[in-house]
Amino acid sequence: MLMSNVLFLDTKASVKSTLLPFLSANLPTEGWALVKIEPSVKIESDMLVICTLAGTDLGENFGYHTLDATGSNDILALHTEGISNDSRIIPYFALGCIKPSSSGGETRLFDGRKAAAAIDAIPGLNDVIIEYSALANPQARIRYPLVVTEGERVVRYRSKVETNFIIKSGKFSEDEVYQHVDAIIQSCLLVSHKWEAGDLLFVNNLITLHDRLPFTGHRRMLRVRYDDTLNARIRY
Ligand SMILES: [Fe+2]
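Student: Explain the overall build of the protein to me, using residue names and the numbers behind them.
Tutor: Helix and strand counts for the protein stand at four helices and 17 strands. In summary, the protein has a C-alpha radius of gyration of 18 Å against a globular reference of 18 Å for 236 residues, a match within 12%. In terms of its C-alpha atoms, the protein occupies a principal-axis envelope of roughly 55 × 40 × 35 Å. Buried positions account for 51% of the 236 residues belonging to the protein. When contacts within the protein are restricted to residue pairs at least 6 apart in sequence, long-range pairs at least 24 apart make up 83% of them. Carbon and sulfur atoms form 53% of the exposed surface of the protein, whose accessible area is close to 10800 Å².

Below you can see the structure in the form of structure tokens.
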């Protein structure tokens, strides 16, 4: 892991003057930035304070959830966070580890710019269009080509799940689309993060994709999404 992407944060220090320069130095280019705080009984509120301060640069509002889960044999499908939001994706999000799993559960981040270049290099692949929705909000649907231009060429994608619908697969079969794109993105690994309590991983969702490896045991995570059109609990 690149140490320049990691900030050991003392919450008694001037969080704002330390945190915001660290995030703005890493998120636009590296795509991620890891903050580590000392775990304590108030770990959850410490993380929310940090996410609130960070949000002055990352969005106009945020929503958060704590996520409890016990074991999973599956790899969580590779995705752009909030891909099924029917207005736009979430620009930034953060994952905090309150209690790590017994084993596994790494979050992997992939470079959506490098993957876009590889997809653009395969004739016909960037003609593919997929429609995304979510079981929780099935009437909301949105379509993306595999690669969009938002300042630069970047991938918008979610691996095959039942709420994906391929609108246009071009000269490829649907299985070939997913095989090609999954393989390309997995060759663009930025980091595989092994969680420890007190880790707070900030992610630039505009230029990265992510998944999660299988894990054992109970874990408790905090998830904060900035400018989430579906869940804006705190406004600045
Ligand atoms: Fe996610």
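Following the structure, the description resumes.
Student: Outline the domain arrangement of the protein, listing residues and values.
Tutor: The domains assigned to the protein are domain 1 (3–108 + 190–235) and domain 2 (113–186). Taking only C-alpha atoms into account, the centre of domain 1 sits 24 Å from that of domain 2. Each partner contributes residues to the interface: domain 1 has 20 residues there, and domain 2 has 21 residues. Contact between domain 1 and domain 2 buries roughly 1500 Å² in total, counting both sides, with carbon and sulfur atoms accounting for 59%.

Student: Any chance you could break down the coordination of the iron ion for me, citing the residues and the numbers?
Tutor: The iron ion binds to the protein through His79 (NE2), Glu81 (OE) and His210 (NE2), with metal-donor distances spanning 2.0 to 2.1 Å. Mapping the donors of the iron ion onto the primary sequence yields the spacing H-x1-E-x128-H. Pair noted here: histidine 79 is in strand S4 (residues 76–79) and histidine 210 is in strand S15 (residues 208–212), with a separation of 131 residues, a long-range link. Judged by its relative accessible area of 13%, histidine 79 is buried.

Student: Run through the environment of leucine 34, naming residues and quoting values.
Tutor: Among the structural elements, leucine 34 can be located in strand S2 (residues 32–36). On the accessibility criterion, leucine 34 (0% relative accessible area) is buried.

Student: Outline the pattern of salt bridges, listing residues and values.
Tutor: For the coordinates displayed, the defined rule picks out 14 salt bridges. Salt-bridge contacts for arginine 225 lead to glutamate 81; the nearest nitrogen and oxygen are separated by 2.8 Å. Placement of the pair is arginine 225 in strand S16 (residues 215–226) and glutamate 81 in the loop between S4 and strand S5 (92–99), with a sequence separation of 144 residues.

Student: A description of the packing of aromatic side chains should follow, citing residues and the corresponding values.
Tutor: Pairs of aromatic rings are described using the distance from one ring centre to the other and the angle between the two planes. Scanning the model with the defined rule gives four aromatic pairs in all. Each ring, one from phenylalanine 62 and one from tyrosine 226, has its centre 5.6 Å from the other, and the planes form 65°; the classification is edge-to-face. Of the two residues, phenylalanine 62 sits in strand S3 (residues 61–72) while tyrosine 226 sits in strand S16, which places them 164 residues apart along the sequence. Overall, phenylalanine 62 belongs to the buried group, its relative accessible area being 0%. Plain terms: the ring middles of tyrosine 157 and tyrosine 178 are 6.3 Å apart, the flat faces sit at 45° to each other, and that makes the pair tilted. On the criterion of sequence distance, the pair formed by tyrosine 157 in the loop between strand S11 (152–155) and strand S12 (164–168) and tyrosine 178 in helix H4 (residues 174–186) is long-range, its members being 21 residues apart. The two residues tyrosine 157 and tyrosine 178 agree in class, both being buried. A connected cluster of aromatic rings, assembled from ring pairs, spans Phe62, Tyr64 and Tyr226. Taking NZ or CZ as reference, arginine 219 lies 4.8 Å from the ring centre of phenylalanine 215, over its face.

Rules used throughout
Position numbers for residues count from 1 along each chain, tracking the sequence in the order it is written. Only residues with pLDDT of 70 or above have their local features reported here, since the model is predicted, and side-chain atom pairs are shown and tallied only from 80 upward, although totals for entire chains, interfaces and linings are computed over all residues. To get the side-chain values, all heavy atoms of the structure are used, and hydrogens and water are removed first. We count a stretch as a helix when DSSP gives it H or I for four or more residues in a row; a strand needs E for two or more, and each element gets its number in order from the N terminus. Within these notes, the globule rule equals 2.2 Å times the number of residues to the 0.38 power, and the radius of gyration is based on C-alpha atoms. In this scheme, a residue with accessible area under 20% of its type's maximum is buried, one over 50% is exposed, and one in between is partly exposed, where area comes from a 1.4 Å probe on protein chains only. Between two residues, a contact is recorded if the distance between any of their heavy atoms is within 4.5 Å. Computed with the Shrake-Rupley method and a 1.4 Å probe, the accessible areas treat only the protein chains shown as cover for residues. Residue ranges labeled as domains rest on an automatic or database domain assignment. Buried area counts how much accessible surface, traced with a 1.4 Å probe, disappears from two parts once they are put together, with both parts' losses summed. For Na, K and Ca the donor cutoff is 3.2 Å, while for all other metals N, O and S atoms must lie within 2.8 Å; water is not among the atoms, so some sites may look incomplete. By definition here, a salt bridge exists when the distance from a side-chain nitrogen of Lys or Arg to a carboxyl oxygen of Asp or Glu is within 4 Å. For this analysis, a ring pair means two rings from Phe, Tyr or Trp (six-membered ring only for Trp) whose centres lie within 6.5 Å, classed as stacked if their planes differ by under 30 degrees, edge-to-face if by over 60, and tilted for the remaining angles. Two conditions define a charge sitting above a ring: the NZ of Lys or the CZ of Arg must be within 6 Å of the ring centre, and it must be within 35 degrees of the ring normal.

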